[in-house]
Amino acid sequence: VMNDIITTMFNKKFMEELFKPQDLYSKKALRTVYDRLAHASIMRLNQASMDKLYDLMTMAFKYQVLLCPRPRDILLVTFNHLDAIKDFISDAPGILNQVDETFRRLIETYNCLSDGEFQLIRQTLLIFFQDMHIRVSIFLKDKVQNSNGRFVLPISGPVPWGTEVPGLIRIFNHKGVEVKRAEFTTAGNYVTPQREGSFELYGDRVLKLGTNMYSVTRPVETHMSGSSKNLASQAKENMAPNPLAKEELNFLARLLGGLDIQKPAGGETGFRLNLFTTDEEEEHAAQTRPEELSYKVINIEATQEPGRRAELSRILGELEVAEPRPDSAEKGEDLLALMDGL
């Protein structure tokens, strides 16, 4: 299952589309991509479990972006994600090459950006998640999230790399010469970081944000908090017609419509992932979830309709390289060939 999902996620053409300069996806478009990727194998989730999985993903990522010591560390969080993914597929060299290729593209694209550009990326991501305040028990127990779903920023611990521990004020004259010093007491217990995390393909990231938060076994649940009224109003806002929505979803149809999920052979029915303790709890969660908070997922099945199939074939034809490919072309290079090979 993990191999199928990771293979689809790091497909060459899919990554090429993601790396193109573009506006941030809407919440609906992101959910559509996430839903498609989560079902890229024989694993199936019903609506309630899918909503819970998506809520956990969005809040965990919001937590990681919000608590980054400095904007550039967003890249270290991403590298932690990719390091964990590589551990999942360490015994599959072909898939590992796909992930490493994405790793190299990230380094090439983002390592050269300035701190100001990383700050803009961080602010853009936080604006996207600012109305999501879903409580997660793992964060509540670690006291990094309040009962209203908002995260707690620490006032102790390592300061960002390249900065000094607060407590000293230097005063300079007009010639730039230090003339006076003053000290003040801080409320936090700050320390200087020992070293900077590695921004290379391999190395110690130092930063723990983005690593496995389930390394200690404990129950994990999501709860709708009272402050989710903001999320409800945001959901209603998203229901309003968006002139770019059609083009955005057409793009997704072109990109993901050809990923025909392989049906289990013989009498196998695959397996279903339930993120709740019991089936009854899952059914209850689906029934009690407010209608305005339900994610209106659009299922794209472009391969099932002749008209769409012809359009998809035309688009894929345009993507074909005119040059003859060598016989040793890498498996999975083509989007449809990848799914056929699963």
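The following paragraphs examine the structure supplied in this document.

Conventions we followed
Residues numbered from 1 in each chain as written. Predicted model: local features only at pLDDT ≥ 70, side-chain atom pairs only at ≥ 80, totals over all residues. Heavy atoms only, no water. Patch = residues over 30% accessible without salt bridge, like charges linked within 9 Å, V, L, I, M, F, W, Y side chains within 5 Å. Areas by Shrake-Rupley, 256 points an atom, 1.4 Å probe, with all protein chains shown as cover. Salt bridge = Lys/Arg side-chain N within 4 Å of Asp/Glu carboxyl O. Helix = DSSP H or I, 4+ residues; strand = E, 2+ residues; numbered from the N terminus. Buried < 20%, exposed > 50% of the residue type's maximum accessible area, 1.4 Å probe, protein only. Pairing = 2+ DSSP bridges. Axes fitted to C-alpha atoms, helices over the stretch in contact; angles between N-to-C directions. Parallel < 35°, antiparallel > 145°, perpendicular 65-115°, else oblique. Left-handed = near helix turned anticlockwise from the far one by under 90°. Contact = heavy atoms within 4.5 Å. Phe/Tyr/Trp six-rings, centres within 6.5 Å; stacked < 30°, edge-to-face > 60°. Lys NZ or Arg CZ within 6 Å of the ring centre and 35° of its normal.

It is worth spelling out a nonpolar patch on the surface at this point. On the surface, I169, I171, V177, V179 and F184 cluster together into a nonpolar patch covering about 420 Å² of accessible area. Assignment of secondary structure puts F184 in the loop between β5 (178-183) and β6 (190-191). With relative accessibility at 41%, the residue F184 sits in the partly exposed group.

Counted residue by residue, β5 has 0 buried out of 6 residues, so it is predominantly exposed. Bridge analysis of strand β4 (residues 168-172) against β5 gives 5 bridges, and the strand direction is antiparallel. Of the residues in β5, the one forming a bridge with L168 is E183. Linking two consecutive strands that pair antiparallel, namely β4 and β5, is a turn of 5 residues; a positive phi of about 85° is found at G176 within it.

Here we take up the pattern of salt bridges. Evaluated as defined, the whole model comprises 10 salt bridges. When the shortest N-O distance is used, the salt bridge between D115 and R72 registers 3.2 Å. In this pair, D115 sits in helix α7 (residues 115-129) while R72 sits in the loop between α4 (47-66) and α5 (73-88), placing the two residues 43 residues apart along the sequence. What makes D115 exposed here is its relative accessible area of 51%. Across the pair D100 and K86 runs a salt bridge, and its minimum N-O distance is 3.0 Å. Placement of D100 in helix α6 (residues 93-110) and of K86 in helix α5 is noted, with a sequence separation of 14 residues between them. Using a relative accessible area of 7% as the deciding quantity, one classes D100 as buried. One connected set of salt bridges, linked through shared partners, spans E164, R170, E178 and R181.

Right, let's get into the packing of helix α3 (residues 27-38) against α4. When two helices pack together, their arrangement is captured by the angle between the axes and the distance separating the axes. Where α3 meets α4, the axes come as close as 11 Å, and the angle between the chain directions of the two elements is 115°. Relative to α4, α3 is oriented roughly perpendicular. Judged by the sense of rotation from one axis to the other, the crossing of α3 with α4 is right-handed. Taking contact as the criterion, the partners of K27, L30, R31, Y34, D35 and A38 in α3 are, on α4, Q47, M50, D51, L53, Y54 and M57.

With that settled, consider the packing of aromatic side chains. Applying the stated criterion across every chain yields a total of 7 aromatic pairs. Between F61 and F129, the aromatic rings sit 5.8 Å apart at their centres with planes inclined by 65°, giving edge-to-face as the arrangement. Pair noted here: F61 is in helix α4 and F129 is in helix α7, with a separation of 68 residues, a long-range link. Given the relative accessible area of 22%, F61 is considered partly exposed. Here a set of aromatic residues connected by ring pairs shows up, and it is made of F61, F128 and F129. Across from the ring centre of Y54, 5.1 Å away, lies the NZ or CZ of R31, which sits over that ring.

These values are about where atoms sit, not about what they do.
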